[in-house]
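Coordinate inspection notes
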Amino acid sequence: METGPQHAIDKLKERETRWFDPDATRAALALDRAGVLWQHCLPADGHADAYQDVLAREPVTAARLESRSLDQICEAFAEVVDAKSPFTYRHSVGVKDAAVMIAQTMGLSQSRVEMLRRAALLHDIGKLSVSNLILDKPGRLDAAEFAVMKRHSAWTAEILGRMPSFVEVPAVAGEHHEKLDGSGYPRGLRARDLSLESRLIAVADVYGALSEDRPYRPAMSPEAIAVIMQAEVPGRLDPQCFAALEASLSGSQPGPGAGLAAIPVQLLQASGGPARGATPWT
């Protein structure tokens, strides 16, 4: 995959008017000619310098957003995240749909559902810092690549933690890869450390990922999803959240039933399209 500033400029010119606003494109090209467009953005530039440069440009004053405006921003960023790779198309929206279904089935309050909705939409925002060479790799990630991939959830928490309007969202979104037995990442939290909302997001994320295409495998069948997820309960995935997922998909109340294998494949694939990692659901 070709990379670098000149390749980016060529793509910018190629996609002007189709993808990008012409005025914004001309401004970017002017900054490139002036030699300032890539300041603090190149691989050789230090991360700390780039971070401080971004912070220096942050507005001094901030306005509190209304709830609907905040939701629209979450939706917009989810689209940006999912557009990074053809294998993440609609993943954030799919996890949001699954999380809301589970939360409503479990009878959570509207305020909790709203918080979960935002956390689910933004749970992968940290992947904007992960190279597409890793996200789109058709084979299994090696140890170094998986180490980079595992950082994305910590970056999610760090990014969202800077937003005053979010209180619980950073922790819940950043813990979507944590598991009850401590085998998850980035912090290896255990059941006693994880809120119900964090457990719920983890179930929604696994379900969404397994029902989507990946660069290294097609979307899994309902039967395969059922086998994989049931093997993770109760050791790694929360049994109540998983039961609520099954119930919400089947239209029944939580409890023993036919399981995911009985759910039509179109429902299992309703959470949208594709993402990536070294486990079946990363």
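Coordinates for the structure precede this section.
The notes below deal with the structure included here. Residue indices follow the written sequence of each chain, beginning from 1 at its first position. pLDDT decides what is reported in this predicted model: residues at 70 or higher carry local features, side-chain atom pairs at 80 or more are listed and counted, and totals for whole chains, interfaces and linings draw on all residues regardless. Excluding hydrogens and water, the side-chain values take into account all heavy atoms of the structure.

A closer look at the packing of helix α4 (residues 67–83) against helix α6 (residues 110–122)
- Angles shown run from 0 to 180 degrees and are taken between the N-to-C directions of axes, each axis being a line fitted to C-alpha atoms and, for helices, limited to the stretch in contact. Helix numbering and strand numbering both begin at the N terminus, where a helix is a DSSP run of H or I of at least 4 residues and a strand a DSSP run of E of at least 2. One can describe the packing of α4 onto α6 by two numbers: an axis separation of 8 Å at closest approach and a directional angle of 25 degrees. With respect to α6, the element α4 is oriented roughly parallel. The chirality of how α4 crosses α6 is left-handed. Across the interface between the two elements, Ser67, Leu70, Asp71, Cys74, Glu75, Phe77 and Ala78 from α4 touch Glu114, Arg117, Arg118, Leu121 and Leu122 from α6.
- In terms of residue class, the contact of α4 with α6 is built from six nonpolar, one polar and five charged. Each angle is binned into one of four classes, with values under 35 degrees roughly parallel, values over 145 roughly antiparallel, values of 65 to 115 roughly perpendicular, and all other values oblique. A clockwise turn of the near helix away from the far one marks a right-handed crossing, whereas an anticlockwise turn of less than a right angle marks a left-handed crossing. By definition, residues are in contact when any of their heavy atoms lie within 4.5 Å. In this count, Pro and Cys sit with the nonpolar residues alongside Ala, Val, Leu, Ile, Met, Phe, Trp and Tyr, while Asp, Glu, Lys and Arg are called charged and the others, Gly among them, polar.

Some points on unusual backbone geometry
- Looking along the chain, the bond that leaves Tyr185 and enters Pro186 is cis, with omega of 10 degrees.
- Relative to the helices and strands, Pro186 resides in the loop between α10 (169–174) and α11 (196–210).
- Residues Val233 and Pro234 are joined by a peptide bond in cis, for which omega reads 5 degrees.
- Along the polypeptide, Pro234 turns up in the loop between α12 (222–231) and α13 (239–250).
- The phi torsion at Thr17 lies on the positive side, around 75 degrees, for a residue other than glycine.
- The classification of residues rests on relative accessible area computed with a 1.4 Å probe and restricted to protein chains. Under 20% of the type maximum is buried, over 50% is exposed, and intermediate values are partly exposed. Note on Thr17: relative accessible area 58%, which makes it exposed.

Things to note about α11
- The end-to-end C-alpha distance of α11, which contains 15 residues, comes to 21 Å, matching closely the 21 Å that a straight helix rising 1.5 Å per residue would cover.
- Of all 15 residues in α11, 13 are buried; the element is thus mostly enclosed. By definition here, a helix of n residues has an expected span of 1.5 Å times n minus one.

Here's the deal with the nonpolar core
- Counting 40 residues, the largest nonpolar core has Ile102, Leu116, Leu200, Met229 and Leu245 as the members making the most contacts within it.
- The set of elements that each furnish at least two residues to this core consists of α4, α5 (91–105), α6, α10, α11, α12 and α13.
- Throughout, nonpolar core names a set of buried Ala, Val, Leu, Ile, Met, Phe, Trp, Tyr and Cys residues whose side chains join them through atoms within 4.5 Å. By size, the runner-up hydrophobic cluster in this structure holds seven residues, among which are Ile134, Leu135, Met149 and Tyr185.

Let's talk about the packing of aromatic side chains
- Two rings from Phe, Tyr or Trp (for Trp, the six-membered ring) form a pair when their centres sit within 6.5 Å of each other. Planes less than 30 degrees apart are called stacked, planes more than 60 degrees apart edge-to-face, and all others tilted. All chains considered together, the criterion is met by two aromatic pairs.
- Look at Trp19 and Phe20: their rings are 6.1 Å apart centre to centre, the planes differ by 70 degrees, and that puts the pair in the edge-to-face class.
- A residue is classified by how much of its surface remains accessible, and Phe20, at 34% relative accessible area, is partly exposed.
- Here Phe146 and Tyr185 contribute two aromatic rings whose centre-to-centre distance is 6.0 Å and whose plane-to-plane angle is 85 degrees, an arrangement assigned as edge-to-face. With Phe146 in helix α8 (residues 143–150) and Tyr185 in the loop between α10 and α11, this pair connects stretches of sequence that are 39 residues apart.
- Note that Arg15 overlies the ring of Trp19, its terminal NZ or CZ placed 4.2 Å from the centroid. Charge over a ring is defined by NZ of Lys or CZ of Arg lying within 6 Å of the ring centre and within 35 degrees of the ring normal.

Considering the pattern of salt bridges
- Between Lys or Arg on one side and Asp or Glu on the other, a salt bridge is scored when a side-chain nitrogen of the former is within 4 Å of a carboxyl oxygen of the latter. In total, this model carries 16 salt bridges according to the counting rule given.
- A salt bridge links Arg26 to Glu16; its shortest N-O distance comes to 4.0 Å. Highlighted residues: Arg26 in helix α2 (residues 22–33) and Glu16 in the loop between α1 (5–14) and α2, separated in sequence by 10 residues.
- The class for Arg26 is partly exposed, based on a relative accessible area of 46%.
- For Arg118, the salt bridge identified is with Asp71, shortest N-O distance 2.7 Å. With Arg118 in helix α6 and Asp71 in helix α4, this residue pair connects regions lying 47 residues apart in the sequence. Asp71 shares its class with Arg118; the two are buried.
- Residues joined in a network through salt bridges with shared partners are Arg68, Asp71, Glu75, Glu114, Arg117 and Arg118.

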